[in-house]
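Remarks on the overall topology
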Amino acid sequence: MRTGSEPVTARSPLRMRFWLGVWGLLWTAGGAIAFAMVGRAGWAVACGVLFAVVAVDLFLVVRHIRQGPHYQPGRDVPPYDPDRG
């Protein structure tokens, strides 16, 4: 049941997550290139895997941003069926 302590205007920080993801893409790409140039193949592969994970996360974040806000019922609509027991 709802306790009443939930934030009424909670929002997901998607724009902040987007910019942190861009920052992560830059660092992982730079790390993969730098490690490949100095001959550290294992570290280059690790940075490449992280690059792929961050790229997928950015794809999902952009998708959520483009979906826009979803319907939120007003305060008069209870979030759950009333407890009748």
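Before reading on, note that the structure itself is shown above.
Below, the structure is looked at part by part. (Residues numbered from 1 in each chain as written. Predicted model: local features only at pLDDT ≥ 70, side-chain atom pairs only at ≥ 80, totals over all residues. Heavy atoms only, no water.)

**A closer look at helix α1 (residues 14-37)**
Note the following rule: Helix numbers and strand numbers start at the N terminus; a helix is a DSSP run of H or I with at least 4 residues, a strand a run of E with at least 2. In this scheme, a helix's expected span is set at 1.5 Å multiplied by one less than its residue total. In this description, contact between two residues means that some pair of their heavy atoms is separated by no more than 4.5 Å.
The terminal C-alpha atoms of α1, which comprises 24 residues, lie 34 Å apart, in line with the 34 Å expected from a rise of 1.5 Å per residue. Taken together, the buried residues of α1 touch α2 (41-67). Among the residues trailing α1, G39 stands out with phi positive, at a value near 85°.

**Focus: the pattern of salt bridges**
What counts here: What makes a salt bridge here is a side-chain nitrogen of Lys or Arg within 4 Å of a carboxyl oxygen of Asp or Glu, nothing more. Relative accessibility decides the category of a residue: with a 1.4 Å probe and only protein chains considered, values under 20% of the type maximum give buried, values over 50% give exposed, and everything between is partly exposed.
One pass over the full model with this rule turns up 1 salt bridge. Residues D57 and R17 are paired through a salt bridge, measuring 2.5 Å at the closest nitrogen-oxygen approach. Within this pair, whereas D57 is found in helix α2, its partner R17 is found in helix α1, the two being separated by 40 residues in sequence. Residue class for D57 comes out partly exposed when judged on its relative accessible area of 25%. Using a relative accessible area of 38% as the deciding quantity, one classes R17 as partly exposed.

**Some points on a nonpolar patch on the surface**
In plain terms, the rule: A patch consists of residues exposed above 30% relative accessible area that lack any salt bridge, with like charges linked at up to 9 Å and nonpolar side chains (Val, Leu, Ile, Met, Phe, Trp, Tyr) linked at up to 5 Å. Areas reported as accessible are Shrake-Rupley estimates using a 1.4 Å probe. Residue values count occlusion only from the protein chains shown.
On the surface, W23, L26 and W27 cluster together to form a nonpolar patch covering roughly 430 Å² of accessible area. Mapped onto the elements of the fold, L26 is located in helix α1.

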